[in-house]
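Next come the chains, spelled out residue by residue.
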Amino acid sequence: MKTILLFAASLVAMAFSCERNDETVVALSASTAKLDGTWKLVEPATPYTITLELNAIPVNATVLTAARVYEATGKAPVNSYFTKLTQPKPAESDQVVVDGIGSTKIAGPTEAMQAEQTYFTNLKNVTRYELTTQNRLRLYHSGGMLVYEK
C-alpha cells in the first residue's frame, strides 16, 4: 500500500514540476478553421451525392510554416473513402498534396462505379485549393476543379 501511495505522490509531483511550452503549439489560422467541416460536391454536376469532410489535425511545431494536415473522409457515389490532405507551407501558399485514397469495396451500378473512379482520380490529383467564400471550396486538379459547398 505504501508503494502505491508513494508512486501516486511521485506522479503528482512530476505533473506539477513539468513545464508546458505553449510557444511550440501553432494555432490554426482562420482560413484553416473555415476548411474544417462537411462539404458537398456541386461541380462537376453529378446525379450522385458526393461529400468531403475535412478535419485539421492539430500541429505541434516551432516553425509557423510547418505542414498542416487534414483528415479527409467522405461518401463517393457508392463507397465511403478516406485520405489525408497536406498543406506543405500553409503560411506561404495554397498548395496541397492528397495521399493515396482508401475506400470501402462495395460494388454498385456500372455508371456509379465509373463516376466514383473519376472522382477518386480527380481528388488524388488535386494540387491547390481556393476558399472563394466561407461556404465554397475549390480544389484544383490537372483536369479542372472540384467545387464544394458547405
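Quick caveat, the model's predicted, so the values are computed rather than measured. (Residues numbered from 1 in each chain as written. Predicted model: local features only at pLDDT ≥ 70, side-chain atom pairs only at ≥ 80, totals over all residues. Heavy atoms only, no water.)

### Considerations on empty space enclosed by the protein
For the structure shown, the criterion picks out one cavity of 30 Å³ or more. One number sums up the size of the largest cavity: a volume of about 30 Å³. For the largest cavity, the full set of lining residues is Leu35, Leu54, Leu85, Tyr129, Leu137 and Leu139. Considering only residue class, the lining of the largest cavity consists of six nonpolar, no polar and no charged. (1 Å grid on protein atoms, 1.4 Å probe; cavity = no way out; pocket = protein on both sides within 12 Å on 5 of 7 lines; lining within 4 Å. Points joined across faces, edges and corners; volume = space filled by probe spheres on them. Nonpolar A, V, L, I, M, F, W, Y, C, P; charged D, E, K, R; others polar.)

### What to know about the pattern of salt bridges
Overall, the coordinates contain four salt bridges when judged by the stated rule. Two residues, Arg128 and Asp94, come together in a salt bridge whose shortest N-O distance is 3.3 Å. Within this pair, whereas Arg128 is found in strand S7 (residues 126–133), its partner Asp94 is found in the loop between strand S4 (80–87) and strand S5 (97–98), the two being separated by 34 residues in sequence. On the basis of relative accessible area, Arg128 is assigned to the partly exposed category, the value being 29%. According to the relative accessible area criterion, Asp94 is partly exposed, its value standing at 26%. Between Arg138 and Glu130 there is a salt bridge, with the nearest N and O atoms lying 3.2 Å from each other. Beyond isolated ion pairs, a larger network of salt bridges with shared partners links Glu43, Arg136 and Glu149. (Salt bridge = Lys/Arg side-chain N within 4 Å of Asp/Glu carboxyl O. Helix = DSSP H or I, 4+ residues; strand = E, 2+ residues; numbered from the N terminus. Buried < 20%, exposed > 50% of the residue type's maximum accessible area, 1.4 Å probe, protein only.)

### Some details on the pairing of strand S8 (residues 136–141)
Regular strands have side chains that alternate between both faces of the sheet. Burial runs high along S8: five of the six residues are buried. In this sheet, S8 lies alongside S7 in antiparallel orientation, the contact comprising six bridges. Across the sheet, Val126 pairs through a bridge with His141, a residue of S8. Following S7, the chain reverses through two residues before pairing antiparallel with S8. With six bridges joining them, S8 and strand S9 (residues 144–149) adopt antiparallel strand pairing. Bridge assignment links Arg136 to a residue of S9, and that residue is Glu149. Between S8 and S9, which pair antiparallel in sequence order, lie two residues. (Pairing = 2+ DSSP bridges.)

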